[in-house]
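Summary of structural features
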Amino acid sequence: ETNFLKEVDKKNPTTYYDPVTGKALFIGPKGRTFKEFEQESDAHGWPSFRDAEVVWENVRCLKNGECVSVDGTHLGHNLPDKKGNR
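What this report covers is the structure whose coordinates are included nearby.

About the cut-offs
Residues numbered from 1 in each chain as written. Predicted model: local features only at pLDDT ≥ 70, side-chain atom pairs only at ≥ 80, totals over all residues. Heavy atoms only, no water. Pairing = 2+ DSSP bridges. Helix = DSSP H or I, 4+ residues; strand = E, 2+ residues; numbered from the N terminus. Axes fitted to C-alpha atoms, helices over the stretch in contact; angles between N-to-C directions. Phe/Tyr/Trp six-rings, centres within 6.5 Å; stacked < 30°, edge-to-face > 60°. Buried < 20%, exposed > 50% of the residue type's maximum accessible area, 1.4 Å probe, protein only.

1. Quick word on the sheet that holds strand β5 (residues 74-77)
- The strand order β3-β4-β5 describes an open sheet built from three strands, whose pairing is antiparallel. The outermost strands of the open sheet, each flanked by one partner alone, are β3 (59-61) and β5. Between one strand axis and the next, the sheet turns by 20 degrees as a mean value, whatever way the strands run.
- The sheet contact formed by strand β4 (residues 66-69) and β5 spans three bridges and is antiparallel. Note that in β5 the partner of cysteine 67 across the bridge is glycine 76.

Shown next, in the form of structure tokens:
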């Protein structure tokens, strides 16, 4: 279990960093409310980011759906839904 939703700033976007390199990977929420970000992340059990929240110069989504940092850190999988990539 994680406490990240209890620890993040609910009024301003939070930057999420690669734990290996320290590079920014995601900044969110962007283009949606914190409540929307919280509900989606809580439903999945981990932070759920949309395309607008990805720092694309530091992140790649592979053809198999795996998301990795440009330095190879595994970040999860792209699991699109009716709202788009996440």
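2. Looking at the packing of aromatic side chains
- Tallied over the full model, the rule gives four aromatic pairs.
- Taken together, a centroid distance of 5.0 Å and an interplanar angle of 65 degrees make the contact between tyrosine 16 and phenylalanine 49 edge-to-face. Linking tyrosine 16 in strand β1 (residues 14-17) with phenylalanine 49 in the loop between α2 (34-44) and β3, this pair joins segments that are 33 residues apart in sequence. Accessibility classification places tyrosine 16 together with phenylalanine 49 in one group, the buried group.
- Between phenylalanine 34 and phenylalanine 37 the ring centres are 6.0 Å apart and the planes differ by 55 degrees, which places this aromatic pair in the tilted class. Taken together, the residues phenylalanine 34 and phenylalanine 37, both in helix α2 and three residues apart, mark about one turn of the helix.

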